[in-house]
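# Observations on the three-dimensional arrangement
One letter stands for each residue in the lines below.
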Amino acid sequence: MQFSAQQIAQLLQGTIEGDANVCVHSFAKIEEARPNDLAFLANPKYLPHLYTTQAGIILVNNDLVLEKPIAATLIRVEDAYSALATLLNLYNSRQKPLVGIEQPCYIHETATIEEGVYIGAFSYIGAGSKIGKQTQIFPHSYIGANVTIGQNTTLYSGVKVYHNCQIGNHCILHAGVVIGSDGFGFAPQTDGSFQKIPQIGNVILKNFVEIGANTCIDRATMGSTILHDGVKLDNLIQVAHNVEIGENTVIAAQTGIAGSTKLGKNCLIGGQVGFVGHIVVADGTKINAQSGIAKSITTPNEAYGGSPAFAYKENVRANIVFKQLPDIEKRLREVEQQVKNN
Amino acid sequence: MQFSAQQIAQLLQGTIEGDANVCVHSFAKIEEARPNDLAFLANPKYLPHLYTTQAGIILVNNDLVLEKPIAATLIRVEDAYSALATLLNLYNSRQKPLVGIEQPCYIHETATIEEGVYIGAFSYIGAGSKIGKQTQIFPHSYIGANVTIGQNTTLYSGVKVYHNCQIGNHCILHAGVVIGSDGFGFAPQTDGSFQKIPQIGNVILKNFVEIGANTCIDRATMGSTILHDGVKLDNLIQVAHNVEIGENTVIAAQTGIAGSTKLGKNCLIGGQVGFVGHIVVADGTKINAQSGIAKSITTPNEAYGGSPAFAYKENVRANIVFKQLPDIEKRLREVEQQVKNN
Amino acid sequence: MQFSAQQIAQLLQGTIEGDANVCVHSFAKIEEARPNDLAFLANPKYLPHLYTTQAGIILVNNDLVLEKPIAATLIRVEDAYSALATLLNLYNSRQKPLVGIEQPCYIHETATIEEGVYIGAFSYIGAGSKIGKQTQIFPHSYIGANVTIGQNTTLYSGVKVYHNCQIGNHCILHAGVVIGSDGFGFAPQTDGSFQKIPQIGNVILKNFVEIGANTCIDRATMGSTILHDGVKLDNLIQVAHNVEIGENTVIAAQTGIAGSTKLGKNCLIGGQVGFVGHIVVADGTKINAQSGIAKSITTPNEAYGGSPAFAYKENVRANIVFKQLPDIEKRLREVEQQVKNN
């Protein structure tokens, strides 16, 4: 199956520059593409490849200015990255979704499985749980008792969902994700030991939430740990008990959020960031990778960096001087000496 | 089932302030509680909610001073957080523990399963392994050959325990925990490749150890990686080969401990901390989140922060000046100029 | 079964110092060894134990200079650590590899299983996948559709390999490893939500690759995420989509590598390091633990530290001055005052 530049441009409402009859049948990165591939250019870092790529068709942004002629046919669109997403989704939709129940699996007699569901072999569906229409549960998934999973949601292999948790529609949970493990709560005792605080709350994932591989989301002590609509978490992230994450907030890999902290909506959080517990972070906050957020952020739409973090741009400047510290100390010593000698 | 303030106060040996006949039937966070809920106040950050909560009963510390009258009935106790733990444990104990063996599962003919054990479907118990009384092993757990697990221990879904490891009594291992994977040891070869050092030791978890979801504890090269009584690890922690962690040490999420390092007892370690290998950390050490511990700590009961870490309070002060570095460099330049001009 | 110093020295082409007839039957760490154990000394930190150990035999480097007489028999070799690896491999090779298919398991009728393979109970082999000779797949492993796994490779319990991925020969994947989960790619939409970029590439692990427990390697958006021959990854590492890691590069636990970054060969990367996306790191680069690599490294064989990272030795010096910052600020204030007063 192949498509011409003409067909693709029509689909994306894009403008063709070059031969409209060129055809492609697959996708490739711009630096690896061959004549039968469609490539894209969104990140300016990859601009040099535009002039050397063998790709047959390249999706580019409307505002791209060519510095010299190129061989490929261009399709100009408002947003090349979104247009690529549209094409890839179309490409993927040719695959029929999995349906049916593979054996052996364990489905409790009181569980409810709606129509069009896939349940892979060795999956476990606990008492009273409910799996919504067209949801796909890959092999080795564990759904504890009284769990609700919505429609068109995908749990990849080995996802573990503890009892009483709720997962919405159109969510994707990658392999090894743990939802609803106990929050980390212990009361110190006078003999130095710790008494466990039982965690009787749950986790609620709203709709269109995506969770990366081996990420862990703890259940609330009481009440719920909540991820709102459109939250996207990368791999190996830690979300502690009673955390709340606002709509469309995106968090990169290996970040950790301590207990009861509330992140606003539309935040962009880098990788390996740490948030202390019991703070509030305003909507639209941006946090640079490896930062440590030690107190609440109340002004929306600001950027932060460093550990402990402060304003991103100031942090960049402080880091530049940090490199010069041995030299600064030397200069200070010299000026001290000069003052002393005067 | 509901309880009156009178009954709860009696149980906790607390003092009632307000209506002793008020009844509750559930628990809730102070900021979300309704009239039928019991709430608690331990962290002073939540003090403002005391005066607005709808909770029927609130557990508070004896030393709390009210600034204005409140609607709820107070129960004053020595330690509200411990009292909450006691109540929640009571609440949880109403649930009967799971018992019995779900099918299909794989239990080697030479394995020993004591009485009162639960083994979930799709669990695997290897040759020569032994599961103690009242221990619960949730679905998809893997117990390799010659593993010993004590009594009243819980392994949630998908825990993996490699061969020869030992787990004590009253331990809790959350979903996705890996116990006994190979330590990371390779001998560099002259051609640039690495020869694997086989890891022939094991992991020993003593009693009352709790391990968070997806945490990994590597087996020793030789001898044992050991977690002593009462150690509590959060999620996504890395414990390398031949590490030893002393009694009642508590470690927050995503911390990593490199090979052969020995942590003392009663330490409190924040999240995302890193310890280099082959060091010793004294009893009662406190480490701030995201710190890097690059050398041994010999004085007990001190607090550290930063990467590389030094005394916590000094680190706080250095971080304050760090923010001013661009300004400091400017001031230095000015004073240099002035001295030059004099 | 036991061996004499004579036999061991012969095997390792080493030189005996002491009684050649001493026999050992096991291995132990130098600080824990008993008379029947062989110990080794490679890390100079453990030198003091040389004079107190009860070990019967100790492997040491040729260049070790004794400061006083010792009780044990020494075997001197070029590289004690490599010699230990050789002995341990020999010791381990006495165990017969697992062979055969345990029931129940799920093997798609179109999958190819070569001879000498072990497939543990509850493992899942998808359509069109191929498992090479002598490969061992432990219980609860998930192999999606059209996966190729080479010969003499080991997948420990609960490894998850998504569709279309390729794993070479002599690889070891520890429990909970995830290979081929979706890369983290989303196109921002004007309403603040994110459109998923389908990830249609795969992951390729070449030969002699070892991956630690619960480490995640995402599939490429297009093309492949590639780990070349001899790459060793520790536990809980994040490898994002389209990353490439060169031959014999070794990475310690909890490090994260963002999308499309290319690490050279023979690099040594510490734990908890972060790499931003779309950069290139030169061959032989060494990165200190907890560093943040924010831009490409073009000169090979250099060492870096800090976040953001710069030359390792300069970073060490800057960190020393960082501790003195409050004092430096005070000195600056004093000199300012003096200049003002002059």
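Residues numbered from 1 in each chain as written. Chains lettered and ligands numbered in written order. Predicted model: local features only at pLDDT ≥ 70, side-chain atom pairs only at ≥ 80, totals over all residues. Heavy atoms only, no water.

### Digging into the packing of helix H4 (residues 325-341) of chain A against helix H4 (residues 325-341) of chain B
Heads up, the rule is: To define axes, lines are fitted to C-alpha atoms, for helices over the stretch in contact only, and angles between the resulting N-to-C directions are given on a 0 to 180 degree scale. The way it works is that DSSP assigns letters per residue, a run of H or I at least four long becomes a helix, a run of E at least two long becomes a strand, and they are numbered from the N terminus. Just so you know how the angles are binned, under 35 degrees is roughly parallel, over 145 roughly antiparallel, 65 to 115 roughly perpendicular, and the rest oblique. Should the near helix be turned anticlockwise from the far one by less than a right angle, the crossing is left-handed, and should it be turned clockwise, the crossing is right-handed. Any two residues whose heavy atoms approach within 4.5 Å are treated as being in contact. Lys, Arg, Asp and Glu make up the charged group, whereas Ala, Val, Leu, Ile, Met, Phe, Trp, Tyr, Cys and Pro make up the nonpolar group; the residues left over, Gly among them, are polar.
Contact geometry for H4(A) and H4(B): axes closest at 10 Å, N-to-C directions at 30°. With respect to each other, H4(A) and H4(B) are oriented roughly parallel. At the point where H4(A) passes H4(B), the crossing takes the left-handed sense. Only Leu325(B), Glu329(B), Leu332(B), Arg333(B), Val335(B), Glu336(B) and Val339(B) of H4(B) make contact with H4(A), whose side of the interface consists of Leu325(A), Ile328(A), Arg331(A), Leu332(A), Val335(A), Gln338(A) and Val339(A). Looking at the contact of H4(A) with H4(B), its residues break down into nine nonpolar, one polar and four charged.

### Some remarks on the packing of helix H1 (residues 5-12) of chain A against helix H2 (residues 80-92) of chain A
Residue and element names in this part refer to chain A. Put simply, H1 and H2 touch, their axes get as near as 11 Å, and they point 110° apart. As the angle between them shows, H1 and H2 are arranged roughly perpendicular. Relative to H2, H1 is oriented so that their crossing is right-handed. Here Ile8, Leu11 and Leu12 of H1 come into contact with H2, specifically with Ala83, Thr86, Leu87 and Leu90. Considering only residue class, the contact of H1 with H2 consists of six nonpolar, one polar and no charged.

### Details of unusual backbone geometry
Residue and element names in this part refer to chain B. Of note, the bond from glutamine 103 into proline 104 is cis; its omega dihedral lies within 30 degrees of zero at 0°. By secondary structure assignment, the location of proline 104 is in the loop between strand S8 (100-101) and strand S9 (106-107). Each neighbour pair has its own omega, and for serine 307 with proline 308 the value is 0°, a cis peptide bond. Note on placement: proline 308 falls in the loop between strand S39 (303-305) and strand S40 (310-311).

### Digging into the interface of chain C and chain A
Here is the rule: Buried area is understood as the total, over both parts, of accessible area removed when two parts are fitted together, assessed with a 1.4 Å probe. For salt bridges, the criterion is a side-chain nitrogen of Lys or Arg within 4 Å of an Asp or Glu carboxyl oxygen. Whenever a nitrogen or oxygen atom comes within 3.5 Å of another N or O atom, the pair is scored as a polar contact, on the condition that within protein one atom can donate a hydrogen and the other can accept it, and that pairs from neighbouring residues in sequence are kept only if both atoms are in side chains.
With 70 residues of chain C at the interface, the matching set in chain A holds 62 residues. For the pair chain C and chain A, the summed buried surface comes to about 5100 Å²; carbon and sulfur atoms form 64% of the total. It is Phe184(C), Met222(C) and Arg331(C) that lose the most area in chain C upon contact with chain A, and together they represent 14% of the buried surface on that side. Here chain C is connected to chain A by three salt bridges. The shortest N-O distance in the salt bridge between Glu210(A) and Lys196(C) comes to 2.8 Å. Counting the contacts that link chain C with chain A gives 25 residue pairs in polar contact (both at pLDDT 80 or more). The leading source of residues in the side of chain C that touches chain A is helix H4 (residues 325-341) of chain C, at seven residues. Residues that form the side of chain C that touches chain A fall into these classes: 32 nonpolar, 31 polar and seven charged.

### Focus on the relation of the copies chain C and chain A
Our working rule: Here the copies are matched by least squares. The fit uses the C-alpha atoms of residues with pLDDT of at least 70 in both.
The transformation that overlays chain C on chain A combines an axial shift of 0.0 Å with a rotation of 120°, and the residual RMSD is 0.0 Å. The transformation just described matches what one would write down for a three-fold rotation axis.

### As for the relation of the copies chain A and chain B
It takes a turn of 120° to lay chain A on chain B, together with a shift of 0.0 Å along the axis; the resulting RMSD is 0.1 Å. Residue by residue, only 20% of the interface of chain A is reproduced at the interface of chain B, so the copies engage with different surfaces.

### Remarks on the sheet that holds strand S31 (residues 250-251) of chain C
Residues and elements named next belong to chain C. Stated formally: Here, a strand pair is defined by DSSP locating no fewer than two bridges between the strands.
With mixed pairing, the twelve strands of this open sheet are ordered in space as S8-S11-S14-S17-S20-S25-S28-S31-S34-S37-S39-S40. Both edges of this open sheet fall to strand S8 (100-101) and strand S40 (310-311), since each of them pairs with a single strand only. With two bridges connecting them, strand S11 (residues 118-119) and strand S14 (residues 136-137) associate as parallel partners. Looking at the pairing, isoleucine 119 lines up with isoleucine 137 of S14.

### Brief notes about the interface of chain A and chain B
Of the residues lining the interface, 71 residues belong to chain A; the matching set on chain B comes to 62 residues. On the chain A side of the interface with chain B, the three residues burying the most area are Phe184(A), Met222(A) and Arg331(A), jointly 14% of the side's total. For the pair chain A and chain B, the interface holds three salt bridges. Between Glu336(B) and Arg331(A) there is a salt bridge; the shortest N-O distance is 2.8 Å. Linking chain A with chain B are 25 residue pairs in polar contact (both at pLDDT 80 or more). Of all elements in the fold, only strand S21 (178-181), strand S22 (186-188), strand S23 (194-196), strand S26 (216-218), helix H3 (312-323) and H4 of chain A reach the threshold of two or more residues within the side of chain A that touches chain B. In terms of residues, the side of chain A that touches chain B owes the most to one element, H4(A), which gives seven residues. Of the residues belonging to the side of chain A that touches chain B, the class tally is 32 nonpolar, 31 polar and eight charged.

### A few points about the pairing of strand S27 (residues 224-227) of chain C
Residues and elements named next belong to chain C. We count it as follows: Burial classification: accessible surface area is computed with a 1.4 Å probe over protein chains only, and a residue below 20% of its type maximum counts as buried, one above 50% as exposed, and the rest as partly exposed.
Where burial is concerned, the two faces of S27 agree: the one with Ser224 and Ile226 and the one with Thr225 and Leu227 are both buried. In terms of strand pairing, strand S24 (residues 202-205) meets S27 through four bridges, oriented parallel. Bridge assignment links isoleucine 204 to a residue of S27, and that residue is isoleucine 226. Relative to strand S30 (residues 244-245), S27 is paired through two bridges, and the arrangement is parallel. Paired with isoleucine 226 across the bridge in S30 is glutamate 244.

### Considerations on the sheet that holds strand S7 (residues 73-77) of chain B
Residues and elements named next belong to chain B. Pairing within the open sheet is mixed, and its five strands lie in the order S2-S7-S6-S5-S4. Strand pairing shows two members of the sheet lacking a second neighbour, strand S2 (15-17) and strand S4 (26-27), which therefore form its edges. The sheet contact formed by S2 and S7 spans three bridges and is antiparallel. Its bridge partner lying in S7, isoleucine 16 is registered against isoleucine 75. Docked against the sheet, helix H1 (residues 5-12) engages S2, strand S5 (37-41), strand S6 (57-61) and S7, running at close to 5° with respect to S7. Running at roughly 135° to S6, helix H2 (residues 80-92) makes contact with S4, S5, S6 and S7 of the sheet.

### Thoughts on the pairing of strand S24 (residues 202-205) of chain A
All names here are of chain A. With burial as the criterion, each face of S24 is covered, one bearing Asn202 and Ile204 and the other bearing Val203 and Leu205. Where strand S19 (residues 166-167) lies against S24, two bridges are found, and the strand directions are parallel. Looking at S24, one finds that isoleucine 167 is bridged to leucine 205.

### A look at the confidence of the model for chain A
Rules: The predictor attaches a confidence to each residue, and that confidence, scored 0 to 100, is pLDDT.
Put simply, chain A has an average pLDDT of 96, and 100% of its residues get 70 or more. Here the predicted complex scores 0.97 on pTM and 0.96 on ipTM.

### A word on the pattern of salt bridges
Under the defined criterion, the tally for this structure stands at 30 salt bridges over all chains. Lys196(C) is the salt-bridge partner of Asp182(C), the closest N and O atoms lying 2.8 Å from each other. Pair noted here: Asp182(C) is in the loop between strand S21 (178-181) and strand S22 (186-188) and Lys196(C) is in strand S23 (residues 194-196), with a separation of 14 residues, a long-range link. Residue classification places Asp182(C) among the buried positions, given a relative accessible area of 11%. A cluster of three or more residues bridged by salt bridges with shared partners is formed by Glu329(A), Arg333(A), Glu336(A) and Arg331(C).

### Overview of the domain arrangement of chain A
Stated formally: Throughout the structure description, domain borders are defined by an automatic or database domain assignment.
Under the domain assignment, chain A is made up of domain 1 (3-93) and domain 2 (100-312). The distance between the C-alpha centroids of domain 1 of chain A and domain 2 of chain A comes to 36 Å.

### Some remarks on the packing of aromatic side chains
As a reminder of what qualifies: Pairs were defined over the aromatic rings of Phe, Tyr and Trp, the Trp ring being its six-membered one, requiring ring centres within 6.5 Å. Orientation was assigned from the angle between planes: stacked under 30 degrees, edge-to-face over 60, tilted for the rest. In our convention, an over-ring charge means Lys NZ or Arg CZ found within 6 Å of a ring centre and within 35 degrees of that ring's normal.
For the structure on display, the rule yields 36 aromatic pairs over all chains. Here Tyr156(A) and Tyr162(C) contribute two aromatic rings whose centre-to-centre distance is 4.9 Å and whose plane-to-plane angle is 40°, an arrangement assigned as tilted. One end of the pair, Tyr156(A), is in the loop between strand S17 (154-155) and strand S18 (160-161); the other, Tyr162(C), is in the loop between strand S18 (160-161) and strand S19 (166-167), on a second chain. Residue classification places Tyr156(A) among the buried positions, given a relative accessible area of 17%. The buried category is assigned to Tyr162(C), whose relative accessible area is 2%. Taken together through their ring pairs, the aromatic side chains of Tyr106(A), Tyr124(A), Tyr142(A), Tyr162(A), Tyr118(B), Phe138(B) and Tyr156(B) make up a single cluster. Above the plane of the ring of Tyr51(B) lies Lys68(B), whose end atom (NZ or CZ) is 5.3 Å from the centre. Its guanidinium or amino end placed over the ring of Tyr91(B), Arg94(B) lies 4.2 Å from that ring's centre, counting from NZ or CZ.

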